[in-house]
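Residue-level structure breakdown
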Amino acid sequence: MKKILISVVVVAIGLCAYAANWQKINDKIYLDVSGIMRTGQSGSVYSFWTKELNDGGNDFVIAEMKYSQKVWYDLVHYSIDCSSRKFKIEEVLMYGLNNNLITDDSTALSGWHSIPPQSIAEDYLELVCKVKSNTNNEKVESHPAKTVEAKPKTSDKLSFTEIDPNAPAIRTEQPKPVAKTVSPAELDNYMKNLQKKISSNWVRPDVDKSLKVSLVFSIAKEGTLVTLSEFRTSGNKEFDNAASEAIKKSVPFEPLPSGMQDKGIDVQLTFGETIKGYVLTSK
């Protein structure tokens with residue numbers, strides 16, 4: 001039963017990861033703004049997820065020693081009370097370098113705790129409570145005489161649905177153009193440099209030359225790798241892993257072109273006899 005529950009959690013997190021709107025807190029921590037949800041009946045308690053990249057801290061060092069493998073990042077499920085200024089950790093999911101689930105810990109920090117001043121928890125409090133306050137204060141005017149179609153928010157972006165990691169992902173939205181402040185030539189030059197750097201770190205296994213794998217990853221404005229996952233597998237694990245490693249070894253990437261007003265971009269690269277790719281969307 002426990003294995004079934006863990007599988008359900010993994011699938012749920014996989015689905016959330018593609019629809020998430022990761023807002024940068026600092027160089028190693030991102031908060032999913034789109035996943036903030038009200039919980040309980042008080043009206044002031046919200047839950048949300050953060051992605052915390054390995055910063056070499058004690059928690060990560062201890063985990064690597066305990067599980068005898070490298071840790072890439074963890075996803076932490078928080079609850080926060082905007083009224084009492086308290087928080088608690090509901091669950092911690094820790095992932096390895098191959099995006100594999102290492103452990104699911106739901107007893108990391110039980111109970112509610114006061115938020116210390118000038119702490120990362122205080123940053124979470126300010127962001128979460130501000131976002132939900134703005135949302136709750138929005139008013140929708142009704143117009144009986146005519147129907148007003150809601151315009152898509154500018155924060156909407158490409159999302160994917162992927163249940164079986166070996167199955168092709170399904171594109172549920174059309175890619176949106178990157179910011180108009182960047183010329184096509186600038187973006188094309190950025191992609192050429194990106195592909196060149198990743199190609200220099202790609203050690204192609206001695207396998208069938210017809211194999212191809214497509215990977216999707218997010219790059220933050222300063223060049224940080226935020227997410228990495230398979231879009232379409234080659235069916236050969238060794239080949240897929242080699243492509244993933246080439247991307248990871250290329251971090252940090254170049255910062256995004258200075259004219260871009262976006263917080264990051266999603267890129268798809270296909271590894272075959274050569275590497276080809278394009279920008280899926282900006283966010």
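What counts as what
Residues numbered from 1 in each chain as written. Predicted model: local features only at pLDDT ≥ 70, side-chain atom pairs only at ≥ 80, totals over all residues. Heavy atoms only, no water. Phe/Tyr/Trp six-rings, centres within 6.5 Å; stacked < 30°, edge-to-face > 60°. Helix = DSSP H or I, 4+ residues; strand = E, 2+ residues; numbered from the N terminus. Buried < 20%, exposed > 50% of the residue type's maximum accessible area, 1.4 Å probe, protein only. Contact = heavy atoms within 4.5 Å. pLDDT = per-residue confidence, 0-100. Arc of directions from axis to C-beta. Expected span 1.5 Å × (residues − 1). Pairing = 2+ DSSP bridges.

A few points about the packing of aromatic side chains
Going through the model one piece at a time under the given rule, you end up with nine aromatic pairs. Between phenylalanine 48 and tyrosine 78 the ring centres are 5.4 Å apart and the planes differ by 15 degrees, which places this aromatic pair in the stacked class. Residue phenylalanine 48 is located in strand 4 (residues 45–53), and its partner tyrosine 78 is located in strand 5 (residues 71–81); the two are separated by 30 residues in the primary sequence. Both residues of the pair, phenylalanine 48 and tyrosine 78, count as buried. On the numbers, 5.0 Å between centres and 10 degrees between planes, the contact of tyrosine 73 with tyrosine 95 is stacked. Here tyrosine 73, found in strand 5, pairs with tyrosine 95, found in strand 6 (residues 86–96); they are 22 residues apart in sequence, far enough to count as distant. Exposure remark for tyrosine 73: the relative accessible area of 6% places this residue in the buried category. Members of the aromatic cluster, each reached through a chain of ring pairs, are Phe48, Tyr78, Phe87 and Tyr124.

Here's the deal with the environment of cysteine 82
As for its placement among the helices and strands, cysteine 82 is situated in the loop between strand 5 and strand 6. Assessed through its relative accessible area of 23%, cysteine 82 is described here as partly exposed. It is 5.9 Å that separates the C-alpha atoms of cysteine 82 and cysteine 129, two residues lying 47 residues apart in sequence. With residues up to four places along the chain from it excluded, the contact list for cysteine 82 reads Ser44, Tyr46, Leu125 and Cys129.

What about the confidence of the model for the chain?
Detailed reading of the predicted coordinates is not advisable wherever pLDDT falls low. In the predicted model, the chain carries a mean pLDDT of 75, and the fraction of residues at 70 or more is 71%. No element of the chain has a lower mean pLDDT than strand 9 (residues 160–161), at 32, and none a higher one than helix 5 (residues 237–249), at 94. Low pLDDT (under 50) marks residues 1–18, which in the prediction has 22 contacts with non-local residues, meaning those over four places away or in another chain. Under a pLDDT of 50 for its full length, residues 138–175 has, in the predicted model, 55 contacts with residues more than four places off or in other chains.

Some remarks on unusual backbone geometry
Cis geometry is adopted by the peptide bond preceding proline 252, which originates at valine 251 and carries an omega value of 0 degrees. As for its position among the elements, proline 252 is in the loop between helix 5 and strand 13 (264–271). For serine 68, which is not a glycine, the phi torsion comes out positive at approximately 55 degrees. Within the secondary structure layout, serine 68 lies in the loop between helix 2 (58–67) and strand 5. By relative accessible area, which is 67% here, serine 68 ends up exposed. Look at arginine 85: it is not a glycine, yet its phi comes out positive at around 55 degrees.

Overview of helix 2
Working note: α-helix, 3.6 residues per turn, so residues spaced by three or four point in the same direction. Three or more residues of helix 2 are buried, namely Phe60, Ala63 and Glu64. Projected down its long axis, helix 2 carries its buried residues within an arc of 100 degrees, all on one side. Exposed side of helix 2, more than 90 degrees from the buried face: Asn58, Ile62, Met65 and Lys66 are the residues found there. Once helix 2 finishes, serine 68 follows within two positions and takes phi at roughly 55 degrees, a positive value.

Structural notes on helix 4 (residues 184–200)
Compared with an ideal rise of 1.5 Å per residue, which puts 17 residues at 24 Å, helix 4 spans 24 Å between its outermost C-alpha atoms and is within 8% of the ideal. Where helix 4 is concerned, the buried positions are Leu187, Tyr190, Met191, Leu194, Gln195 and Ile198. Around the axis of helix 4, the buried residues are gathered within 130 degrees of arc, so they sit on the same side. Projecting away from the buried face of helix 4 at angles above 90 degrees are the exposed residues Ala185, Lys192, Lys196 and Ser200.

Some details on the pairing of strand 11 (residues 213–220)
Strand residues, when the strand is regular, have side chains that alternate between the two faces of the sheet. Counting buried positions along strand 11 gives eight out of eight residues, so the element sits mostly inside the fold. Alternating positions in strand 11 separate into two faces, Val213, Leu215, Phe217 and Ile219 on one and Ser214, Val216, Ser218 and Ala220 on the other, with burial throughout. Here eight bridges tie strand 11 to strand 13, and the two strands are oriented antiparallel to one another. Residue isoleucine 219 lies in a different strand from strand 13, and its bridge partner there is isoleucine 265. Inspection of the sheet shows strand 11 paired to strand 12 (residues 225–232) by six bridges, in the antiparallel sense. Opposite valine 216, over in strand 12, you have serine 229 as the bridge partner. Connecting the antiparallel pair strand 11 and strand 12 is a turn made up of four residues, with glycine 223 showing a positive phi of about 100 degrees.

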